[in-house]
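Fold and geometry: a report
Letter by letter, the chains look like this.
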There are 2 protein chains.
Amino acid sequence: MRIHPVILAGGRGERFWPLSRRARPKQLLPLLSDRPMIADTLDRLEGLAAPRDAWILTARDLLDPVREAARGVPPSQIIGEPIGRNTAPAIALVARWLEGRDPQSVVVVLPSDHRVDPSNRFRADLERAALLALERSRIVVLGVRPTRPETGYGYIECGGPVAPGETARQVASFREKPDAATAARYAGDSRYLWNAGMFVFQPEVMLEEIRAHAPDIAAAAERVPRPDAPGLAEALERYYGAVPAVSIDVAVMERTRRAAVLPVQFEWDDVGSWASLAGKGLGAAPANAVRGRAILEDSEGIVAFAEGGLIAALGVRDLVIVRTKDVTLVCPKNRAQEVRMLVERLKRDRDGEPFL
Amino acid sequence: MRIHPVILAGGRGERFWPLSRRARPKQLLPLLSDRPMIADTLDRLEGLAAPRDAWILTARDLLDPVREAARGVPPSQIIGEPIGRNTAPAIALVARWLEGRDPQSVVVVLPSDHRVDPSNRFRADLERAALLALERSRIVVLGVRPTRPETGYGYIECGGPVAPGETARQVASFREKPDAATAARYAGDSRYLWNAGMFVFQPEVMLEEIRAHAPDIAAAAERVPRPDAPGLAEALERYYGAVPAVSIDVAVMERTRRAAVLPVQFEWDDVGSWASLAGKGLGAAPANAVRGRAILEDSEGIVAFAEGGLIAALGVRDLVIVRTKDVTLVCPKNRAQEVRMLVERLKRDRDGEPFL
């Protein structure tokens, strides 16, 4: 068995402004360690998959920093998308390139910028998923046990076991981000798992399903040459110009009969905003979470992120405080999602450009 | 009449950390305009007193930046104190140097780092005080009508008029910083005025009173040569080593029978902490006060001070947010006085030194 990680790094998130900038989106930020998140994502696979077998899809203008951050991944396997077209076209492309190479190949599609912990459980779960994909020709989606009634995630409704004695389940349905009441119901019902956006399959199996359920994407992918062929950039222009923007969930997973969901043992978080860096307090007081230098006097529940310099806080609660080389951000943790509003305002400002 | 401003600039305040540093205390900060507060203090006198007639007493190690900030004041009239000894020794020294020079001389002692507004009323009040000092040989202290039950200021209890028809009053007593209940009583009683630390007198009159009530200081001052004499630095070492640390209030004002208090028409604030830069809101919402660049979205009552870079806040209330080249400070306005705690903590930290 040979595992090919396909890392989706097309994100353009503004929710980590002011650290995230146009040329430095979330996957390139050192949010969870001192290295870019995408480097953590590759490291986490150590022992299960080699960087030389990894593929990364990112925005074309991010090729240089992504190559810098993803040492060990062959440059010809780091693909610059001229425009974002969601996950189905990206997955179809790599599946096509890997098709027929090795009957023991398994693709593992992973987001580049999520938190996964602990890594050894993650690798064990991926390995189980890969065996399932190989042995039963399934497209396996990983399902995470909800720890809270999260309204920001998609859910998977599990059916019965894929075979007697198997942990993996049939997929009864995919559920989009729910409202609060529905999320509360899901969180209390063991049939519902979070959809972590991680898919495991043989390239041939995925391609068959794309041909069946998204034939336009499959046909367009047939016309793209090998990644080391001359003229690839132009071919990618044509491909991304032709395919619809659609997720693999919608294009394939909701339609195929070969989907299976594997309930996993690791903790997962999509690190959707500054608030998701928050510490977990022992007892009543919410802990402070600090990156860089900070002194926090009589303060609780603070997320402090200093990129150089010092953050000093006194007598405050549940705030996000970020200091970059040119911006200081302060907002309550429960409004961290709204940081985009500040970015929007700067876009309207005549002299906001240097901070975007 | 010739007015000699004597500006007391010995402060070492830490309440404006992180903008204030050891080598850059409050009087050198651009808190109320784009210029150091001491420069504003000199400018405010324009038309009433010339910079060439001004004297400044500061800490010896601050001589260079004070000279830089106080253009127009002759360098020989900017005196570096080797150690701080409160206000009485400083005032005695300059009074001694000005004694007998010109019978029409009046000294106006002013703090270097307070807010005064508007300047034209301030000058008019100073002129009235100077005339009173000349005509009646009084030591006039300016009294500000309280606008709030402030516990951080000293108060002056007024007696009857110094003469029939005069606005100026006898001083019944000086009152130290009161507790909250007493402050509330003072604020509701027109006999009590804030002591703004501004004194107006003929040098000879002040010296007579120092000789009478603080003879040790007067005697020590006699032994200091003229400010342009060789060996002044050594003489100042001896002088400041010999005199007690005592305020002019305690050494002279509380004892002399020549004190008078002039109720003034200008607004005054000692700018004691970041919170004192707060804006005054119209209606219910407290206004934001911004220096430098800031975008404040759905935020009220913020004091934002950016020394370069940008402060961005979202959904916060009544906070002080300061961004300097190396530190970001966040604290509630009503705890701005406690910023010193952070400075104390940095002093204990092994690697806090760069931020002090």
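Residues numbered from 1 in each chain as written. Chains lettered and ligands numbered in written order. Predicted model: local features only at pLDDT ≥ 70, side-chain atom pairs only at ≥ 80, totals over all residues.

Quick word on the overall build of chain A
Let me state the cut-off plainly: By definition, any uninterrupted DSSP run of H or I lasting at least four residues is a helix, any uninterrupted run of E lasting at least two residues is a strand, and each is numbered from the N terminus. Only C-alpha atoms enter the radius of gyration; for comparison, a globular chain is expected to reach 2.2 Å times N to the power 0.38, where N is the number of residues.
A tally of regular secondary structure across chain A gives 10 helices and 15 strands. Against the 2.2 N^0.38 benchmark of 21 Å for 356 residues, chain A shows a C-alpha radius of gyration of 21 Å, consistent with a compact globule. Considered along the principal axes of its C-alpha atoms, chain A spans approximately 60 × 50 × 35 Å.

Regarding the environment of Trp55 of chain B
Residues and elements named next belong to chain B. In plain terms, the rule: C-beta atoms are placed from the backbone for every residue, and two residues are taken to be in contact when these atoms lie within 7 Å.
By the secondary structure assignment, Trp55 is in strand β2 (residues 55-59). Sequence separation of Trp55 and Val109 is 54 residues, and the distance between their C-alpha atoms is 9.4 Å. Not counting chain neighbours up to four residues away, the residues in contact with Trp55 comprise His4, Val6, Ile7, Gln77, Ile79 and Val94.

Thoughts on the domain arrangement of chain A
All names here are of chain A. Cut-off, in case you're wondering: Throughout the structure description, domain borders are defined by an automatic or database domain assignment. When residue character is reported, Ala, Val, Leu, Ile, Met, Phe, Trp, Tyr, Cys and Pro are called nonpolar, Asp, Glu, Lys and Arg charged, and the others, Gly included, polar.
If you check the domain split of chain A, you get domain 1 (2-269) and domain 2 (274-355). A C-alpha centroid distance of 30 Å is found between domain 1 and domain 2. Across the boundary between the two partners, domain 1 contributes 8 residues, which contact 15 residues of domain 2. Grouping the constituent residues of the side of domain 1 that touches domain 2 by class yields 5 nonpolar, no polar and 3 charged.

Brief notes about the interface of chain B and chain A
Taken together, the contact between chain B and chain A spans 29 residues of the former and 29 residues of the latter. Going through the elements one at a time, β12 (289-297), β13 (303-314), β14 (319-323), β15 (327-332) and α10 (339-348) of chain B are the ones with two or more residues in the side of chain B that touches chain A. Here the side of chain B that touches chain A is built from residues that sort into 20 nonpolar, 3 polar and 6 charged.

A look at the nonpolar core
Basically, it comes down to this: Any set of buried Ala, Val, Leu, Ile, Met, Phe, Trp, Tyr and Cys residues joined through C-beta atoms within 7 Å is what this text calls a nonpolar core. Any residue whose C-beta has 12 or fewer other C-beta atoms within 10 Å is treated as exposed, any with 20 or more as buried, and any in between as partly exposed, C-beta atoms being built from the backbone.
Counting 256 residues, the largest nonpolar core has Val140 of chain A together with Val140 of chain B as the members making the most contacts within it. Leaving out residues up to four positions away in the same chain, Val140 of chain A has contacts with Ala129, Leu132, Ala133, Ala168, Phe199, Val200, Phe201, Ala260 and Leu262 of chain A.

Focus on the pairing of strand β4 (residues 105-111) of chain B
Residue and element names in this part refer to chain B. Heads up, the rule is: The rule for pairing is simple: two strands pair if DSSP sees at least two bridges between them.
Among the 7 residues in β4, 7 count as buried, and that is most of the element. Residues Ser105, Val107, Val109 and Pro111 of β4 are buried on one face, and the alternating residues Val106, Val108 and Leu110, pointing to the opposite face, are buried as well. Where strand β1 (residues 2-9) meets β4, 7 bridges bridge the pair, whose relative direction is parallel. Its bridge partner lying in β4, Val6 is registered against Val109. Two elements, β4 and strand β9 (residues 192-201), share 3 bridges in a ladder whose sense is antiparallel. What sits directly across from Val107, in β9, is Phe201.

What about the packing of helix α6 (residues 203-213) of chain A against helix α7 (residues 215-222) of chain A?
Residue and element names in this part refer to chain A. Put simply, the rule reads: Structural elements are reduced to axes, namely lines fitted to C-alpha atoms, with helices fitted over the stretch in contact, and the angle between N-to-C directions of any two is expressed from 0 to 180 degrees. We call two directions roughly parallel when the angle between them is under 35 degrees, roughly antiparallel when it is over 145, roughly perpendicular when it lies between 65 and 115, and oblique otherwise.
Close contact between α6 and α7 brings their axes to 5 Å; oriented N to C, the two are set at 120°. Here α6 lies oblique to α7, going by the angle between them. Where α6 approaches α7, its residues Leu207, Ile210 and Arg211 are matched on the opposing element by Pro215, Ile217 and Ala218.

Concerning the relation of the copies chain B and chain A
Applicable threshold: Only residues with pLDDT of at least 70 in both copies contribute their C-alpha atoms to the least-squares superposition of the copies.
For the pair chain B and chain A, the superposition axis carries a translation of 0.0 Å, the fit reaches an RMSD of 0.0 Å, and the rotation angle comes to 180°. The symmetry that links the two subunits is that of a two-fold axis. Measuring from the rotation axis to each C-alpha of chain B, the shortest distance belongs to Thr328 of chain B, at 3.6 Å. Taken together, the interface assignments show that 100% of the residues at the interface of chain B recur at the interface of chain A, consistent with an identical surface on both copies.

Details of unusual backbone geometry
Cis geometry is found at the peptide bond from Asp117 of chain A to Pro118 of chain A, where omega equals -5°. Turning to its location among the elements, Pro118 of chain A is positioned in the loop between β5 (115-117) and α4 (119-136). A positive phi angle, close to 45°, is found at Asp298 of chain A, a residue other than glycine. Checked against the element boundaries, Asp298 of chain A lands in the loop between β12 (289-297) and β13 (303-314). Positive phi, close to 50°, is recorded for Val271 of chain B, a residue that is not glycine. When you line up the elements, Val271 of chain B lands in the loop between β11 (267-269) and β12.

Points about the environment of Ala54 of chain B
Residue and element names in this part refer to chain B. Within the secondary structure layout, Ala54 lies in the loop between α1 (37-43) and β2. Residues Ala54 and Asp249, 195 residues apart in the sequence, show an inter-C-alpha distance of 22 Å. Not counting residues up to four positions away in its chain, the partners in contact with Ala54 are Pro5, Ile7, Leu42, Ala49, Val73 and Gln77.

Concerning the confidence of the model for chain A
Stated precisely, the cut-off is as follows: Here pLDDT means the predictor's own confidence in every residue, given as a number from 0 to 100.
Model confidence for chain A is summarised by a mean pLDDT of 95, while 99% of its residues fall at 70 or above. For this predicted complex, the interface confidence comes out at an ipTM of 0.89, alongside a pTM of 0.90.

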